[in-house]
Amino acid sequence: MHQLNIKAQYQKAINKSAPAFSAFPWQNRESYAAWLAQSYFFVKHSTRLLAFAAAKCSFEKNKTHKRMARHIFEEIGHEILAANDLCYLGVKINEIKELPLTKAFYRLQYFGIDRLGPSYLMGYILFLEGIASVLGPKILSPVTNAHGEKAATFLKLHVEEDVGHVEVAFENLEI
């Protein structure tokens, strides 16, 4: 697939997700806590998914291998931010169960990397970081106003950091 087509598909996916993302009740404490908890359960797999994908890169895809390896270090500890944000909401991570849909989300990525190769993960990376950088800024202020800055560190980091990640991901695509 040509990179321009990938960018068009990326933009289409972001645009399609925008209404649901905007409609989510971010200011509702229980809803935001549920989102943070499921983010925690997923994000604790992000470094392992990246390591697995990096290990599966062929020597011909060395640029992608190196980018994924660097990305591991950028993701370390992000689940702790989500857990800490929950604490500021008065919720402990062990009080919330991981949803089957969350498990399916990361399990499908492990399966896809194993069966289809490391580029399978790139679609997820682009989408998640795109959501954070494109749609995240629209909800950061309402979240911090409703729950306080100390309950929004995970969101704030991804809103501020992932802007550059999307372009880097596109630059590092080896098709």
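Every value quoted in this text rests on a predicted model; they were computed, and no experiment measured them.

Rules used in this analysis
All residue numbers here refer to positions counted from 1 along the written sequence of the relevant chain. The model is predicted, so local features are restricted to residues of pLDDT at least 70 and side-chain atom pairs to those at 80 or more, both for listing and for counting; the totals for chains, interfaces and linings are taken over all residues. Calculation of side-chain values draws on the structure's entire complement of heavy atoms; hydrogens and water are dropped beforehand. Only buried Ala, Val, Leu, Ile, Met, Phe, Trp, Tyr and Cys residues count toward a nonpolar core, and they belong to the same one when joined by side-chain atoms within 4.5 Å. Note on classification: 1.4 Å probe, protein chains only; a residue is buried when its accessible area is under 20% of the maximum for its type, exposed when over 50%, partly exposed between these limits. Put simply, DSSP H or I for four residues or longer makes a helix, DSSP E for two residues or longer makes a strand, and each gets a number counted from the N terminus. The contact definition used throughout considers only heavy atoms, calling two residues in contact when any of these lie within 4.5 Å. For this document, the term salt bridge refers to a Lys or Arg side-chain nitrogen within 4 Å of an Asp or Glu carboxyl oxygen. Within 6.5 Å between ring centres, the rings of Phe, Tyr and Trp (the latter by its six-membered ring) count as paired, and their orientation is classed by plane angle as stacked under 30 degrees, edge-to-face over 60, tilted in between. Method remark: on a 1 Å grid restricted to protein atoms, a set of points is classed as a cavity if a 1.4 Å probe fits but cannot get out and as a pocket if it is open with protein on both sides within 12 Å along at least five of seven lines; lining residues have an atom within 4 Å of a point. Grid points are joined across faces, edges and corners, and a volume is the space filled by probe spheres set on the points. Each residue is assigned to one of three groups, with Ala, Val, Leu, Ile, Met, Phe, Trp, Tyr, Cys and Pro labelled nonpolar, Asp, Glu, Lys and Arg labelled charged, and all others, Gly among them, labelled polar.

Enquirer: What's the story with the nonpolar core in this structure? I'm lost.
Expert: A general trend in soluble globular proteins is that nonpolar side chains are found buried together. Membership of the largest hydrophobic core comes to 45 residues, with the highest contact counts inside it found for Tyr32, Leu36, Met68, Leu89, Leu121, Val143 and Leu155. Listing elements by their share of this core, those giving two or more residues are α1 (3–23), α2 (29–43), α3 (46–56), α4 (62–75), α5 (78–88), α6 (100–116), α7 (119–147) and α8 (153–171). Ranked by residues supplied to this core, first place goes to α7 with ten residues. Setting aside anything within four residues of it in sequence, one finds Met68 in contact with Leu50, Ala53, Ala54, Cys57, Pro118 and Met122.

Enquirer: Even after reading the chapter, I still don't get the pattern of salt bridges, so can you show me in this structure?
Expert: Evaluated as defined, the whole model comprises five salt bridges. In this structure, Arg67 and Glu74 form a salt bridge, with 3.1 Å as the shortest nitrogen-oxygen distance. Note that Arg115 and Asp114 form a salt bridge whose closest N and O atoms lie 3.5 Å from each other. You can call Arg115 exposed: its relative accessible area is 58%. Using a relative accessible area of 38% as the deciding quantity, one classes Asp114 as partly exposed. Linked through salt bridges whose partners overlap, the residues forming this network are Lys56, Asp114 and Arg115.

Enquirer: Can you help me understand the packing of aromatic side chains in this one?
Expert: We describe a pair of aromatic rings using the distance from one ring centre to the other and the angle between the two ring planes. One pass over the full model with this rule turns up eleven aromatic pairs. Look at Trp35 and Phe154: their rings are 5.9 Å apart centre to centre, the planes differ by 65°, and that puts the pair in the edge-to-face class. Placement of Trp35 in helix α2 and of Phe154 in helix α8 is noted, with a sequence separation of 119 residues between them. Take Trp35: its relative accessible area is 23%, and that puts it in the partly exposed class. For the pair Tyr40 and Phe41, a centre-to-centre distance of 5.4 Å together with 75° between the ring planes defines the contact as edge-to-face. Each of the two residues, Tyr40 as well as Phe41, counts as buried. Site record: aromatic cluster; members linked through ring pairs are Phe21, Phe24, Trp26, Tyr32, Trp35 and Phe154.

Enquirer: What is the right way to look at the layout of surface pockets in this model?
Expert: Which parts of space are left empty comes out when a probe the size of a water molecule is rolled across the atoms. Roughly 1,200 Å³ of volume is contained in the largest pocket. Along the walls of the largest pocket sit 35 residues, with Trp35, Ser39, Phe42, Phe105 and Leu128 positioned nearest its centre. Every element with two or more residues in the lining of the largest pocket is listed here: α1, α2, α3, α4, α6, α7 and α8. For the lining of the largest pocket, a count of residues per class yields 23 nonpolar, nine polar and three charged.

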